[in-house]
Amino acid sequence: MKRIGVLTSGGDAPGMNAAVRAVVRKAIYHNVEVYGVYQGYNGLINGNIEKLELGSVGDIIHRGGTKLYTARCEEFKTREGQQKGIEQLKAHGIEGLVVIGGDGSYRGAKALTEQGYPCVGVPGTIDNDIPGTELTIGFDTALNTVIDAIDKIRDTATSHERTFIIEVMGRNAGDIALWSGLAGGAETILIPEDNYDMDEIVSRLKSGQERGKKHSIIVVAEGVMSGDEFAKSLKEKANLETRVSVLGHIQRGGSPTAADRVLASRLGSRAVELLMEGKGGRAVGIEKNELVDYDIIEALAMPHVVDLDMYKLSKELSI
Ligand code: F6P
């Protein structure tokens, strides 16, 4: 391939810029031209496409967000939208596309692949919910943002001897809640992948208070319910007063951590290698610190599994 494209799509994630930089630099290093598609699949349909040079991706490795902008695009879910995208790519002489994003973005890449256009998916989402990789770009940075918030909330929780409920993102996955809850020493973590027992939660909170615990932190994944809903049921069930903190989109911003920058550089670069080898229809990932790639159609059919051993551990350590 002599000319490839790159786009970011879906919810942004810290480290997307580092991935775009890796795609551009790796390709140019190997004399392959790179075109940036702006505003995700929306921009693809509308032909918002520009050639990128080495300098186009200077000074972005440390920046959150995405220089290529992003969007969620309903039209691209239709075959007509996908055909318009392929026509734009062909009109610009672009022979393969790197798609950096989450599961919706992968679905778009899968659709293009099924229509014979070579795409490679790079997992970029704070949710860590993409099959075929143990880690997604942005997850580590989001975790650190959540932990910073938990540490701060713990200060005020202790001063007032309060129970706090912290609602975190993750869509239908519990990874952000689980990892941040474990790292932040939360007393209780609620994830969509497992049921919770309200009686057990209440007795755990009460026995902690009796032992003289000055605060309690409960991390709730948004895929379970909202923090407010959980606060309401704790009030109804046990007459427990709580405070709720919804972290929201703060989890998507900020300078990417070193781990995310390295991951993004490795995955972005591997995606270009695959296209240069003439291999489209792949999804890159990392497993046991080794780069891997799967058929994108098969990858999307694989289930995302949360680490239930880690969940068990979090319960053991928060007695
Ligand atoms: O997929 C990333 C994510 O931040 C999810 O955790 C969250 O549910 C969703 O995007 C929010 O989407 P939006 O920014 O469109 O409200």
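It should be emphasised that the depicted structure is a prediction, and the values quoted were computed from it without experimental measurement. (Residues numbered from 1 in each chain as written. Predicted model: local features only at pLDDT ≥ 70, side-chain atom pairs only at ≥ 80, totals over all residues. Heavy atoms only, no water.)

**Digging into the UniProt feature "active site" (unreviewed entry) in the chain**
The following threshold applies: UniProt positions are given in the numbering used here, feature names are shortened, and annotations may be inferred rather than shown by experiment. Put simply, DSSP marks the helices as runs of H or I at least four residues long and the strands as runs of E at least two long, and each gets a number from the N terminus on. Only protein chains enter the area calculation, which uses a 1.4 Å probe; residues under 20% of their type maximum are buried, those over 50% are exposed, and those in between are partly exposed. Note on definitions: a residue-residue contact is assigned when non-hydrogen atoms from the two residues lie within 4.5 Å.
Following the UniProt record, one finds the feature "active site" (unreviewed entry) at D127. Here D127 is to be found in the loop between strand 5 (119-123) and helix 5 (139-160). For D127, a relative accessible area of 8% translates into the label buried. Apart from residues lying up to four places away in sequence, D127 is in contact with G170, R171, A173, D175 and I176.

**As for unusual backbone geometry**
Of note in the backbone geometry, E161 takes a positive phi value of approximately 50° without being a glycine. Structurally, E161 can be placed in the loop between helix 5 and strand 6 (163-168). Assessed through its relative accessible area of 54%, E161 is described here as exposed. Positive phi is not limited to glycine here, since K288 has a value of about 50°. Checked against the element boundaries, K288 lands in the loop between strand 10 (282-287) and strand 11 (290-295). Residue class for K288 comes out exposed when judged on its relative accessible area of 72%.

**Digging into the pattern of salt bridges**
Stated formally: The term salt bridge refers to a pairing of a side-chain nitrogen on Lys or Arg with a carboxyl oxygen on Asp or Glu at a separation within 4 Å.
Overall, the coordinates contain 23 salt bridges when judged by the stated rule. E114 is paired through a salt bridge with K110; the nearest N and O atoms lie 3.5 Å apart. Of the two residues, E114 and K110 both sit in helix 4 (residues 103-114), four residues apart, roughly one turn of that helix. On the basis of relative accessible area, K110 is assigned to the partly exposed category, the value being 23%. A salt bridge links E241 to K235, with the nearest nitrogen and oxygen atoms 3.0 Å apart.

**A short note on the packing of aromatic side chains**
Which entries qualify depends on this criterion: Stacked, tilted and edge-to-face are the three classes applied to pairs of Phe, Tyr and Trp rings, where Trp contributes its six-membered ring and a pair requires centres within 6.5 Å; stacked means planes under 30 degrees apart, edge-to-face means over 60, and tilted covers the rest.
Scanning the model with the defined rule gives three aromatic pairs in all. Seen in terms of ring centroids, Y41 and F76 are 4.0 Å apart; in terms of plane orientation they differ by 5°. Their pairing is stacked. On the criterion of sequence distance, the pair formed by Y41 in helix 2 (residues 40-46) and F76 in the loop between strand 3 (49-52) and helix 3 (79-91) is long-range, its members being 35 residues apart. Aromatic side chains F139 and W179 sit 5.2 Å apart centroid to centroid with 80° between the ring planes, which places their arrangement in the edge-to-face category. Taken together, the residues span a long stretch of sequence, with F139 in helix 5 and W179 in helix 6 (residues 175-183) at a distance of 40 residues. Note on W179: relative accessible area 32%, which makes it partly exposed.

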